[in-house]
Amino acid sequence: RKEVEQDPGPFNVPEGATVAFNCTYSNSASQSFFWYRQDCRKEPKLLMSVYSSGNEDGRFTAQLNRASQYISLLIRDSKLSDSATYLCVVNGRNTPLVFGKGTRLSVIA
Amino acid sequence: ETGVTQSPTHLIKTRGQQVTLRCSSQSGHNTVSWYQQALGQGPQFIFQYYREEENGRGNFPPRFSGLQFPNYSSELNVNALELDDSALYLCASSLEAGRSYEQYFGPGTRLTVT
């Protein structure tokens, strides 16, 4: 089982839609969780850290479910500029960060 | 912009050659991690340097080596290049080496091995 698994997508949604991504992780001892965004041929950029209590940043909401070992990202009122690959990231057993393969989102006008 | 810089931006090498990639960390950050990102994959951890010492290594062969300098900039060296080494190489800096610290990426070096 991979340490971090994501649905690769693509998710094609119209502008204004709400879209949710899920990610599962295998290391029950993981304590740090993040969502990164990566535009085509660019570096990953930190979108938000994910806390146990859940957190919200504008149109973005992240949730953590430790019992089920999954993390979610909800994007409300999607914009064309949200089109990117979203990477789920957790701290690994032997590595600082383990990245999922990413979920590709395309927001269509 | 994160303040993390990498050079060169692009590089083409021949199989068997050696390459050195460079990274300058964000001001105030003492930890640098290196990742390899193949097409369609998430970044894979190569190793991390904290205060000039290697502080963890991923599943990469010894021909991948690195170092960190007193100003916390870092180099990644790859010997005996193979075709599968073609990838985007990313460095990321963080405030400290602890796992809870967020990492900030540089723009990457795109290496092509022919």
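Look up: the structure comes first, before these words.
To keep things clear, this report deals only with the structure shown in the data block. (Residues numbered from 1 in each chain as written. Chains lettered and ligands numbered in written order. Predicted model: local features only at pLDDT ≥ 70, side-chain atom pairs only at ≥ 80, totals over all residues. Heavy atoms only, no water.)

### Some thoughts on the overall build of chain B
The secondary structure content of chain B amounts to 0 helices and 11 strands. Counting helices and strands in the order they occur from the N terminus, chain B gives β-β-β-β-β-β-β-β-β-β-β. Taking 13 Å as the expected radius of gyration for a compact globule of 114 residues, we find that chain B reaches 13 Å, a close match to that expectation. Expressed as lengths along the three principal axes of its C-alpha atoms, the size of chain B is roughly 40 × 30 × 25 Å. A buried classification covers 49% of the 114 residues belonging to chain B. (Helix = DSSP H or I, 4+ residues; strand = E, 2+ residues; numbered from the N terminus. Rg over C-alpha atoms; globule rule 2.2 N^0.38 Å. Buried < 20%, exposed > 50% of the residue type's maximum accessible area, 1.4 Å probe, protein only.)

### Let's talk about the nonpolar core
In a soluble, globular protein the nonpolar side chains are often hidden away together inside. Formed by 24 residues in total, the largest nonpolar core has its most connected members in F21, W35, I71, L73, I75, Y86 and L105 of chain A. Of all elements in the fold, only strand 3 (19-25), strand 4 (33-38), strand 7 (60-65), strand 8 (70-75), strand 9 (84-90) and strand 11 (103-108) of chain A reach the threshold of two or more residues within this core. (Core = buried A, V, L, I, M, F, W, Y, C linked by side-chain atoms within 4.5 Å.)

### Topic: the interface of chain B and chain A
On the side of chain A, 19 residues touch chain B, which itself brings 21 residues to the contact. Together, the buried faces of chain B and chain A total about 1800 Å²; carbon and sulfur atoms form 54% of this surface. Linking chain B with chain A are 3 residue pairs in polar contact (both at pLDDT 80 or more), by the criterion used here. Secondary structure elements with two or more residues in the side of chain B that touches chain A: strand 4 (31-37), strand 5 (44-50), strand 9 (87-94) and strand 10 (104-105) of chain B. The leading source of residues in the side of chain B that touches chain A is strand 4 of chain B, at 3 residues. Here the residues of the side of chain B that touches chain A sort into 9 nonpolar, 9 polar and 3 charged. (Contact = heavy atoms within 4.5 Å. Buried area = accessible area lost by both parts, 1.4 Å probe. Polar contact = N/O pair within 3.5 Å; in protein donor to acceptor, adjacent residues only side chain to side chain. Nonpolar A, V, L, I, M, F, W, Y, C, P; charged D, E, K, R; others polar.)

### Topic: the state of the cysteines
The tally for this structure, following the rule as stated, stands at 2 disulfides over all chains. The side chain of C23 of chain A participates in a disulfide bridge whose partner is C88 of chain A; the two sulfur atoms lie 1.9 Å from each other. In this structure, the disulfide formed by C23 of chain A and C88 of chain A twists by about -70 degrees around the S-S bond and is classed as left-handed. Of this pair, C23 of chain A sits in strand 3 while C88 of chain A sits in strand 9, and the two are 65 residues apart along the sequence. The same class applies to C23 of chain A and to C88 of chain A, which are both buried. With its sulfur 1.9 Å from that of its partner, C23 of chain B forms a disulfide with C91 of chain B. As the torsion about the S-S bond is roughly 70 degrees, the C23 of chain B-C91 of chain B disulfide counts as right-handed. Of this pair, C23 of chain B sits in strand 3 (residues 19-24) while C91 of chain B sits in strand 9, and the two are 68 residues apart along the sequence. The residues C23 of chain B and C91 of chain B share a single accessibility class, namely buried. (Disulfide = S-S within 2.5 Å.)

### A short note on the pattern of salt bridges
Residues and elements named next belong to chain B. This model, assessed by the stated rule, comprises 8 salt bridges over all chains. The partner of R22 in a salt bridge is E75, with the nearest N and O atoms 3.4 Å apart. Residue R22 is found in strand 3, and its partner E75 is found in strand 8 (residues 74-78); the two are separated by 53 residues along the sequence. Given a relative accessible area of 41%, R22 falls into the partly exposed group. The class of E75 is buried, set by a relative accessible area of 15%. (Salt bridge = Lys/Arg side-chain N within 4 Å of Asp/Glu carboxyl O.)

### Here's the deal with the sheet that holds strand 1 (residues 5-7) of chain B
All names here are of chain B. Reading across from one edge, 1-3-8-7 is the order of the 4 strands in this open sheet, with antiparallel pairing throughout. Both outer strands of the open sheet, strand 1 and strand 7 (64-68), are each paired with one neighbouring strand and no more. For this sheet, the mean angle separating the axes of adjacent strands, direction not counted, is 20 degrees. Where strand 3 lies against strand 8, 5 bridges are found, and the strand directions are antiparallel. Its bridge partner lying in strand 8, V19 is registered against V78. (Pairing = 2+ DSSP bridges. Axes fitted to C-alpha atoms, helices over the stretch in contact; angles between N-to-C directions.)

### Some remarks on the pairing of strand 4 of chain B
Residue and element names in this part refer to chain B. Here strand 4 lies mainly inside the structure; 7 of its 7 residues are buried. Relative to strand 5, strand 4 is paired through 6 bridges, and the arrangement is antiparallel. Bridging from a neighbouring strand, Y35 pairs with F45 of strand 5. The pairing of strand 4 with strand 9 spans 7 bridges and is antiparallel. Looking at strand 9, one finds that W34 is bridged to C91.

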